[in-house]
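Given next are the chains, with one letter for each unit.
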Amino acid sequence: MPEPAADPDVDIVVPVYNEAHVLQEHLWRLHAYLTEHLIVPWRITIVDNASTDATFAFAQGLAASLPDVVAVHLDRKGRGLALRTAWSASTARVLAYLDVDLSTDLAGLSPLLAPLLSGHSDLAIGTRLSRASRVVRGTKREFISRSYNGLVKTVLATSFTDAQCGFKAITKTAADRLLPIVRDDAWFFDTELLVLAERSGLRIHEVPVDWRDDPDSRVDIARTAKDDLRGIVRLVGDLSRHRLPVEAVAEELGRRPLAPAARPSFRSQAIRFAAVGGASTVAYALLFFVLRLLIGAQPANFLALLLTAVGNTWANRWFTFGVTGRLGVVRHQLQGLVVFGIAWGITSGSLVALHAEEPRASALTEILVLTAANLVATVVRFVLLRGWVFRARRIAPDPSRRPETPRPTETSMELTK
C-alpha cells in the first residue's frame with residue numbers, strides 16, 4: 001500500500017465494488033469536504049473488492065491526481081476484508097470508514113472522530129435509530145434494519161443501537177487488538193467488531209446522523225440477512241463457550257475492571273424464553289410421537305419432558321437469563337428438575353383428563369392436548385425460572401475495587417475550521 005510522506009492522524013477507508021459510475025464524483029466530494037473542514041492530517045484509502053468493471057482504474061486515477069488519496073486492490077470480495085486489510089496496514093491514530101454512496105451526511109464526521117482523537121472513546125459509530133437522527137429510506141429497508149438491530153440487541157445483549165450504518169471509526173490501538181479475533185470478512189464484520197468491543201469493556205460513542213437511502217445499493221438483502229443470522233448464531237456460541245479472549249483484550253487496553261454483564265431486560269428475557277420454549281415444544285412433540293409408539297403415552301410424556309427439560313434449563317441459563325460460568329450449574333439443574341416436575345404434573349393431568357373424557361383418543365389428539373398443556377406449563381416455567389432458579393441476586397459492593405480511571409489523553413482539539 002503506498003504511503004504519503006507523513007503519517008496521518010485519520011485514515012478514512014472507502015470500500016468499493018463495481019462503483020466506477022459514481023466513484024470519481026463521490027471521492028471528489030469527500031476530498032473537498034475533508035480539505036475544507038478537517039484540520040488534522042488525514043488520508044483517504046480506496047479499497048477495491050475484486051471489482052469486475054473499471055473501478056480500480058478510476059481509483060488509481062484519483063490516487064494519482066488528488067493529494068492524500070491511495071488506492072488498494074483486493075482479489076476477494078468482502079467489506080470486512082477491505083476494512084481488515086486497510087486498517088491493519090495503516091499507521092494512523094484513528095481509522096474510519098464510509099460507504100462510497102455517502103448516504104450519511106459528512107457533517108457527522110467531526111463528532112465521529114473527536115472522541116477518538118481526544119482519547120475519550122475507543123470506537124465511534126453513526127446511528128440512524130436515534131430520535132435525533134434524520135433518515136430518509138423506504139419502509140422495507142427501515143423494517144429490515146430495525147428488525148436486525150432489535151435481534152442483535154435481544155440475542156447478544158448489546159447496548160449500541162445501530163450495528164450496520166456505514167459510518168464508523170476506531171482507534172488504531174483498539175483495532176490492532178480486536179481485528180485478529182473478528183472472524184467475519186463480509187457484512188457481519190461490523191456487528192461482530194462492535195459486540196467484541198463492548199464485551200471487552202471498550203467505550204463506544206454514538207453519533208446521530210442524517211442519512212438518505214441510496215436507491216442504487218448493491219447489497220443482496222436476502223443473502224446478507226442469511227449470513228448475518230449465521231454470524232449471530234456463531235458469535236452466541238463462541239461467547240457462551242468463552243472461546244473469545246475479551247477479558248484479555250480489556251486488560252491489555254486498560255479497560256479493567258469490567259462491570260458485570262448487565263442482566264437481560266424483562267422484554268429480552270421473554271423473547272429469548274419464547275424462542276427456547278418454541279424449540280423445546282417442537283422437540284418435545286417429536287420425541288413424544290416417537291416414544292409413544294415404543295413405550296406408551298404416559299412414559300413417553302415423562303421421558304420427552306425430562307430430555308427437553310435438561311436442554312431447556314441449559315439453554316435458558318445462558319441464553320435467556322445471562323448466567324455464565326460453572327458456578328451453580330448443578331443447583332440450577334436440580335431446581336430445573338423441580339420445575340420440570342411441575343410441568344410434568346400439568347401435562348400428565350391433561351392426559352388423564354383427556355383419557356377420562358375420550359378413552360380412545362388418537363395420537364394426534366393427544367399431541368394437540370399436550371401441546372396446549374405445554375404452553376401453560378411454559379408460562380409457569382418462565383415465572384419459576386426467572387423468580388426462583390435464575391433470580392438476580394444482589395451483590396454487596398467491594399470497597400477494594402476502584403472504578404475505572406480514564407486513560408490520560410491529550411487536550412481535546414477542535415476538528416473543524
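None of these values were measured; they are calculated from a predicted model.

Digging into the pairing of strand β7 (residues 167-171)
Within a regular strand, side chains alternate between the sheet's two faces.
Working step 1: Summarising burial for β7: five of the five residues are buried, a large majority.
Working step 2: Burial along β7 is two-sided: F167, A169 and T171 facing one way and K168 and I170 facing the other are all buried.
Working step 3: Pairing analysis gives three bridges linking strand β5 (residues 123-127) to β7, with the strands arranged antiparallel. Its bridge partner lying in β7, I125 is registered against K168.

Some points on helix α2 (residues 55-65)
Working step 1: When α2 is considered as a whole, its buried residues turn out to be T55, A59 and L62. Take α2 and look down its axis: the buried residues cluster within an arc of 60 degrees, on one side only.
Working step 2: As for α2, its buried residues are in contact with β1 (10-16), α1 (20-37), β2 (42-49) and β3 (69-74).

As for the packing of helix α10 (residues 266-295) against helix α11 (residues 297-320)
Working step 1: Two elements in contact, α10 and α11, have axes separated by 8 Å at closest approach and are oriented at 155 degrees. By the criterion of interaxial angle, the relationship of α10 to α11 is roughly antiparallel. In this structure, α10 crosses over α11, and the sense of that crossing is right-handed.
Working step 2: Looking at side-chain class alone, the contact of α10 with α11 contains 17 nonpolar, eight polar and two charged residues.

Examining the nonpolar core
Working step 1: Counting 47 residues, the largest nonpolar core has W87, I170, L178 and L196 as the members making the most contacts within it.
Working step 2: Sorting elements by how many residues they give to this core places helix α7 (residues 189-199) first, with six residues.
Working step 3: Once residues within four sequence positions are removed from consideration, I170 is found in contact with W87, R93, V94, L95, L116, D122, L123, A175, L178 and L193.
Working step 4: Core analysis: the next-biggest nonpolar cluster, separate from the first, contains 37 residues, I12, L23, L38 and W42 among them.

Concerning helix α5 (residues 139-156)
Working step 1: Taking 1.5 Å per residue as the helical rise, α5 with its 18 residues ought to reach 26 Å, and the 25 Å between its terminal C-alpha atoms agrees with that figure.
Working step 2: Of all the positions in α5, only S145, Y148, N149, V152, T154, V155 and L156 are classed as buried.
Working step 3: Against α7, α8 (221-240), α10 and α11 lie the buried residues of α5.

What to know about a nonpolar patch on the surface
Working step 1: A contiguous nonpolar patch, built from F289, V290, L293, L294, I295, F302, L303 and W344 and spanning about 760 Å² of accessible area, is present on the exposed surface.
Working step 2: Taken together, the elements giving at least two residues each to the nonpolar patch come down to α10 and α11.
Working step 3: Looking at which element gives the most residues to the nonpolar patch, the answer is α10, with five residues.
Working step 4: Among the structural elements, F302 can be located in helix α11.
Working step 5: Exposure remark for F302: the relative accessible area of 31% places this residue in the partly exposed category.

Some points on the packing of α5 against α10
Working step 1: Between α5 and α10, whose axes approach to 9 Å, the crossing angle comes to 90 degrees. Overall, the two elements α5 and α10 adopt an arrangement that is roughly perpendicular. Along its contact with α5, which presents K153, T154, V155 and L156, the element α10 presents R267, S268, I271 and R272.
Working step 2: A class-by-class count of the residues in the contact of α5 with α10 yields three nonpolar, two polar and three charged.

So, the confidence of the model for the chain
Caution is warranted with low-pLDDT regions, since their predicted coordinates should not be read in detail.
Working step 1: Overall, the prediction assigns the chain a mean pLDDT of 84, with 88% of residues at 70 or greater.
Working step 2: Overall, residues 1-5 carries pLDDT values under 50, and its contacts beyond four positions in sequence, including any with other chains, amount to nine contacts.
Working step 3: When the criterion is pLDDT under 50, residues 394-414 qualifies, and its contacts beyond four places in sequence or with other chains add up to 20 contacts.

Section: the packing of aromatic side chains
Working step 1: By the definition in use, this model includes five aromatic pairs.
Working step 2: Judged by centre distance (6.4 Å) and plane angle (55 degrees), the ring pair of W87 and Y97 falls under tilted. Linking W87 in helix α3 (residues 79-89) with Y97 in strand β4 (residues 94-98), this pair joins segments that are 10 residues apart in sequence. Both residues of the pair, W87 and Y97, belong to the buried class.
Working step 3: Each ring, one from W87 and one from F189, has its centre 6.3 Å from the other, and the planes form 55 degrees; the classification is tilted. With a gap of 102 residues between them, W87 in helix α3 and F189 in helix α7 connect regions that are remote in the sequence. Across the pair, exposure class does not vary: W87 and F189 are buried alike.
Working step 4: An aromatic cluster of three or more residues is present, and its members are W87, Y97 and F189.
Working step 5: Cation over ring: R128 sits above W211, and NZ or CZ is 4.9 Å from the ring centre.

Section: the sheet that holds β2
Working step 1: Spatially, β3-β2-β1-β4-β7-β5-β8 is the arrangement adopted by the seven strands of the open sheet, whose pairing is mixed. Strand pairing shows two members of the sheet lacking a second neighbour, β3 and β8 (204-208), which therefore form its edges. Each adjacent strand pair in this sheet contributes to an overall mean axis angle of 20 degrees, direction not counted.
Working step 2: Packed onto the sheet, α1 meets β1, β2, β3 and β4 and runs at close to 160 degrees relative to β2.

Structural notes on unusual backbone geometry
Working step 1: In this structure, N18 is a non-glycine residue whose phi angle is positive, near 50 degrees.
Working step 2: Within the element layout of this structure, N18 appears in the loop between β1 and α1.
Working step 3: Despite not being glycine, A50 shows a phi value in the positive range, around 55 degrees.
Working step 4: Residue classification places A50 among the buried residues on the basis of a relative accessible area of 19%.

Things to note about the environment of I44
Working step 1: Assignment of secondary structure puts I44 in strand β2.
Working step 2: Take I44: its relative accessible area is 0%, and that puts it in the buried class.
Working step 3: Here I44 is in contact with D11, I12, V14, L27, L30, H31, L34, D68, V69 and V70, once residues within four sequence places are set aside.

Criteria and thresholds
Residues numbered from 1 in each chain as written. Predicted model: local features only at pLDDT ≥ 70, side-chain atom pairs only at ≥ 80, totals over all residues. Heavy atoms only, no water. Buried < 20%, exposed > 50% of the residue type's maximum accessible area, 1.4 Å probe, protein only. Helix = DSSP H or I, 4+ residues; strand = E, 2+ residues; numbered from the N terminus. Pairing = 2+ DSSP bridges. Arc of directions from axis to C-beta. Contact = heavy atoms within 4.5 Å. Axes fitted to C-alpha atoms, helices over the stretch in contact; angles between N-to-C directions. Parallel < 35°, antiparallel > 145°, perpendicular 65-115°, else oblique. Left-handed = near helix turned anticlockwise from the far one by under 90°. Nonpolar A, V, L, I, M, F, W, Y, C, P; charged D, E, K, R; others polar. Core = buried A, V, L, I, M, F, W, Y, C linked by side-chain atoms within 4.5 Å. Expected span 1.5 Å × (residues − 1). Patch = residues over 30% accessible without salt bridge, like charges linked within 9 Å, V, L, I, M, F, W, Y side chains within 5 Å. Areas by Shrake-Rupley, 256 points an atom, 1.4 Å probe, with all protein chains shown as cover. Salt bridge = Lys/Arg side-chain N within 4 Å of Asp/Glu carboxyl O. pLDDT = per-residue confidence, 0-100. Phe/Tyr/Trp six-rings, centres within 6.5 Å; stacked < 30°, edge-to-face > 60°. Lys NZ or Arg CZ within 6 Å of the ring centre and 35° of its normal.

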